[in-house]
Structures are given as structure tokens and as C-alpha cells.
Amino acid sequence: MIPLLRRLVRRKPPPVASSSSSAYSTNTLSAVSSSTSNLRSKYSLISPTASPRNNIFRPESESKTRKQLKPPYRPPSSLERSKPPVKSDLPFDFRFSYTESNHKVRPIGLRGPKYSPFGPDRLDRVWTGVCAPAIDPKAWAAGVDEDLAEKRRRMWEQVQGEPLTESERKALVANCQRPKTKRQINLGRDGLTHNMLNDIHNHWKHSEAVRIKCLGVPTVDMKNVCAQLEEKSFGKIIHRHGGLLVLYRGRNYDPRERPIIPLMLWKPQEPVYPKLIKTTIEGLSIDETKELRKKGLSVPPLTRLAKNGYYGSLVPMIRDAFLCDELVRIDSRSLPISDYKKIGCKLRDLVPCILVTFEKEQIVVWRGKNYKPMEGDHFFSVVETFHEPDGGSSRDPIGDDDFSDSNRSESRVLDDKNHGFVQGDEF
């Protein structure tokens, strides 16, 4: 222990800073101060030591008077049950899709519990698993459907008022051209959905007419699309060119008195319907059905359907083909399974015909044994003509270039002579 203490005592003290080192430190500080002063004089920079950082990036005027931010958007939630249920006086049943569902066809079952897509306790109507009827099913009585139809007709006449003149109609259609407006509603494979009615009324706040572009499965039956649009929105279609429509809101329409349309928070599950293709076709044996399906798959295709195309000329094409052949095959390899099954269901009712098979992504239809061709024109008019009150016809100011995109995705028809594809407008 004693030798360790002696070593510590014998240690030399640290050297004292000389005058040269102190001079060097003062020169360094002066250089730093001179550099800061040079930066301030040359580049108008403020030294960090002169003013705190908060004053540089947050001026006093801005920090004192700060604009209050808007509260963030909160979408409707099914957990908010404090508000009373919404009451709507619209005289029709609420469905997810009005064009792709038929109230006359009853499902054979449901895929899950009957959860209302409007949320729990957010609507004063009962959800039956398919729709929310305007009249309680327990209080339904004979003649209720006629009363609702009469109420819809009176509401439509009240909103529309006096009909448009030809010059007013032309002006509204001209304002819906693409160079003048980009506002447009797209109607796709789900057809006219319930929430789309709210979008239509939102567009009518800014303009008297709205442009609607229809593509996909609903275009097989454009008459149904037009009828449902006018019935559910209480508007009027004043122009139709292929899958492009112009929907007018009416003379007496007031955006402040728009109807109450509760929104669906999610897409409900589709119910279970009977099978479209049966094991044996009615009137044929099992062997005859197998032979008919084998023969149908070997028939040359009448047309090839493009994905999300315009299929307005498909029904008259099949009717014309049934004049020569009893079996018609439609190539639908580019479509999803649900799409070409819905198209087959529509063709069965519109042509009418018998569905043979959906194998190998083909739609094969049979005209039946006792087939009788329908009287009248078999060709489809792509452009809707509107006549003047004096009986003369007039042409819309919109040319083919403005509303031609709906026909560019037209279903292509296979030409046997040239072995090429021809646009469906030629039919």
C-alpha cells in the first residue's frame, strides 16, 4: 500500500496552458465571429445565436393567429346507434341493384343471416335478405303495389312539370359533351345500385342533366336500364347513344327538397336462386341432351364478347341467327363466370331461348322445337331518336365523335368469310 502512495505522490502535475494556446483560441473565436458576420452581410442570413430557432420557422403573427382545422371526415358507422332511424318516403323497395334483380323471381334460400346493409337500427324498414320493402310485409294487403305505382307516377309528373322544347333539349344535351364537362356516372356490372341514386342527386345540384355511361352486363337490356333510371330517380332520359345516356332532373326539381336516400354501408350477400342449366332439357331425353350440348360446342361462334363492353345488339343478333340455325354459341372467354351467367339468364328471357350449357366459357342457346320468329324489326337502333312536337325529326348537336367511345368496346362479331373481327355496330 505504501509503495502505491509513493508513486502517486511522485507524479508530475499537468502542464499549464501557455499564452500561445490562449492566443490560438481567441483567434479561432474571432474567426468564427467574423465568418458569421460575413455570412450575414453577404447572404442576409440570421445567426442561430442571435435569435432562437422558434422565431425563424414560426413567426409571431402566425403562431398567435392559427387557422382552425376542419374535423376529419368520419364515414357512417354501424356502431352509431344514438341517432333515431332514418325515415324515407320513397315509394319503392330498397335493393342493392335495381336492374340486376327481379322481384318476380323468388330465391330458394339465403347465404347467411339477414343483416341489414344499412346498419343496425339505422333505417325504419325491415331487411328481408333481398330488399327493404316500402310496406311492412306483415301489413301487406292486396292493391298495395298498384298504390305505390300510382304514387311513383304522380311524383314523377310533379317533378318533371312541362315537357322540354326541342331547343331546350338540344342545349342540355350539348352541355353534356365531354369538351364542356367531365362530370359522369359510370354504370358497371352491378347495374343501377342503390347508392348510385345519391350520386345522381349530387350531380343534379350543379347541373340540370347528368351523363351516364353504361357498360357490361346491364347493357344487354338497355330498355330496363332506362326504365329503372326514370322510375327510381324521377328523372327523364332526353338522349341515348349506345350505352351513353343523358338524364334530365325536371323543371320543378329543387335540390333543397331532394328525397332522403339512406346509404348502404356494405354489399349484401346474394341469395340462392335455382340453377340455370338443368340436367336434362325439357322435352328431351338424357342422350338427346348430351348430343345437343356436344353439337352446340362445335358450332362456329356467332360473336365474341369483350370484357366490360357494350352488348346492346346481342339480343337482335341471336334472333336473326335463329332464322337459320337452331343452336347459337357465344364466346365469352374474356368474361368472369358471374358475368356470362347473368348474360345467359337475360338472353333466356329476352330472346327467348333455352340455355344448353356454360362449359368451356361458352354460352350455348337453343331456340327450341316449336320456335316462332318474332314479328317486327330484328335490328337494334343504337341512337335514340327524339321527334319534335310538330312531327318532324331533328338530330342532336352531338356528333359521333363525342359519344362514340361506348361503341368502341362493342362486342366483336366473327366474320366467316374474312376470318376477322367486325364491330357489332354493323348489325
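Residues numbered from 1 in each chain as written. Predicted model: local features only at pLDDT ≥ 70, side-chain atom pairs only at ≥ 80, totals over all residues. Heavy atoms only, no water.

A. Local environment of the overall build of the protein. Of regular secondary structure, the protein possesses twelve helices and ten strands. In the protein, which comprises 427 residues, the share counted as buried stands at 35%. For the protein, contacts bridging at least 24 residues in sequence account for 76% of all contacts bridging at least 6. Looking at the protein as shown, the accessible area adds up to about 27,700 Å², and 53% of this sits on carbon and sulfur atoms. (Helix = DSSP H or I, 4+ residues; strand = E, 2+ residues; numbered from the N terminus. Buried < 20%, exposed > 50% of the residue type's maximum accessible area, 1.4 Å probe, protein only. Contact = heavy atoms within 4.5 Å. Areas by Shrake-Rupley, 256 points an atom, 1.4 Å probe, with all protein chains shown as cover.)

B. Structural detail: the packing of aromatic side chains. Tallying each qualifying case throughout the model produces seven aromatic pairs. Taking the centre distance of 5.8 Å and the plane angle of 70° together, the rings of Phe92 and Phe94 count as edge-to-face. Phe92 gets classed as buried once you look at its relative accessible area, which sits at 3%. Among the residues examined, Phe94 registers a relative accessible area of 0% and is labelled buried. Among the aromatic residues, those joined into a ring-pair cluster are Phe92, Phe94, Tyr98, Phe118 and Trp127. The ring centre of Phe94 lies 3.9 Å from the NZ or CZ of Arg125, which sits over that ring. The ring of Phe92 carries Lys232 above its face, with NZ or CZ at 5.5 Å from the centroid. (Phe/Tyr/Trp six-rings, centres within 6.5 Å; stacked < 30°, edge-to-face > 60°. Lys NZ or Arg CZ within 6 Å of the ring centre and 35° of its normal.)

C. Region of the structure containing the sheet that holds strand β3 (residues 236-241). Strand order in this open sheet of four strands is β1-β2-β4-β3, and the pairing throughout is mixed. For this open sheet the edge positions go to β1 (185-187) and β3, each flanked by a neighbour on one side alone. Direction aside, neighbouring strands of the sheet carry axes that sit 25° apart on average. Its contacts with the sheet put helix α7 (residues 194-204) on β1, β2 (209-214) and β4 (244-248), and the angle it makes with β1 is roughly 155°. Of the strands in this sheet, β1, β2, β3 and β4 touch helix α8 (residues 222-233), which is tilted by about 155° from β3. (Pairing = 2+ DSSP bridges. Axes fitted to C-alpha atoms, helices over the stretch in contact; angles between N-to-C directions.)

D. A look at the environment of Lys290. Residue placement: Lys290 occurs in helix α9 (residues 286-298). Judged by its relative accessible area of 56%, Lys290 falls in the exposed class. Between the alpha carbons of Lys290 and Thr279 there is a distance of 9.4 Å; along the sequence they are eleven residues apart.

E. Broad picture of the pairing of strand β6 (residues 327-331). For β6, the tally of buried residues reaches five of five residues, placing the bulk of the element in the interior. Taking every second residue as pointing to the same face, both faces of β6 are buried, with Leu327, Arg329 and Asp331 on one and Val328 and Ile330 on the other. Inspection of the sheet shows strand β5 (residues 301-304) paired to β6 by three bridges, in the parallel sense. Residue pairing for β6: Thr303 is matched across the bridge by Ile330. Pairing of β6 with strand β8 (residues 362-366) involves five bridges; the strand directions are antiparallel. Looking at β8, one finds that Arg329 is bridged to Val364.

F. Just helix α10 (residues 314-321), in detail. With respect to burial, α10 is a largely interior element, seven of its eight residues being buried. Looking only at α10, the buried set comprises Leu314, Val315, Pro316, Met317, Ile318, Arg319 and Ala321.

G. The arrangement of the nonpolar core in detail. By size, the foremost hydrophobic cluster in this structure holds 30 residues, and its most contacted members are Phe94, Ile200, Ile212, Leu229 and Leu245. Listed by contribution, the elements that provide at least two residues to this core are β1, α7, β2, α8 and β4. Not counting chain neighbours up to four residues away, the residues in contact with Phe94 comprise Ser88, Phe118, Leu123, Arg125, Trp127, Cys131, Ala132, His194 and Pro262. (Core = buried A, V, L, I, M, F, W, Y, C linked by side-chain atoms within 4.5 Å.)

H. Representation of unusual backbone geometry. Note that the residue after Val351, namely Pro352, is joined by a cis bond; omega there is -15°. Looking at where Pro352 falls in the secondary structure, it is placed in the loop between α11 (337-350) and β7 (354-357). Positive phi values are uncommon outside glycine, yet Asp121 reaches one of about 60°. Looking at the secondary structure, you find Asp121 in the loop between α4 (60-64) and α5 (144-160).

I. A look at the packing of α10 against α11. It is at 11 Å that the axes of α10 and α11 come closest, and there the two elements cross at 60°. Classified by the angle between their axes, α10 and α11 sit oblique to one another. Pair α10 / α11 crosses with right-handed handedness. The segment α10 lies against α11, with Leu314, Val315, Ile318 and Arg319 engaging Ile343, Leu347 and Leu350. Residues that form the contact of α10 with α11 fall into these classes: six nonpolar, no polar and one charged. (Parallel < 35°, antiparallel > 145°, perpendicular 65-115°, else oblique. Left-handed = near helix turned anticlockwise from the far one by under 90°. Nonpolar A, V, L, I, M, F, W, Y, C, P; charged D, E, K, R; others polar.)

J. Quick peek at the pairing of β4. In terms of burial, β4 is largely enclosed, as five of its five residues are buried. Of the two faces of β4, the one lined by Leu244, Val246 and Tyr248 and the one lined by Leu245 and Leu247 are each fully buried. As judged from the five bridges shared by β3 and β4, these two strands associate in the antiparallel manner. Residue pairing across strands places Arg240 opposite Leu245, the latter belonging to β4. Counting the residues that bridge the hairpin from β3 to β4 gives two residues, and of these Gly242 lies at a positive phi of roughly 65°.

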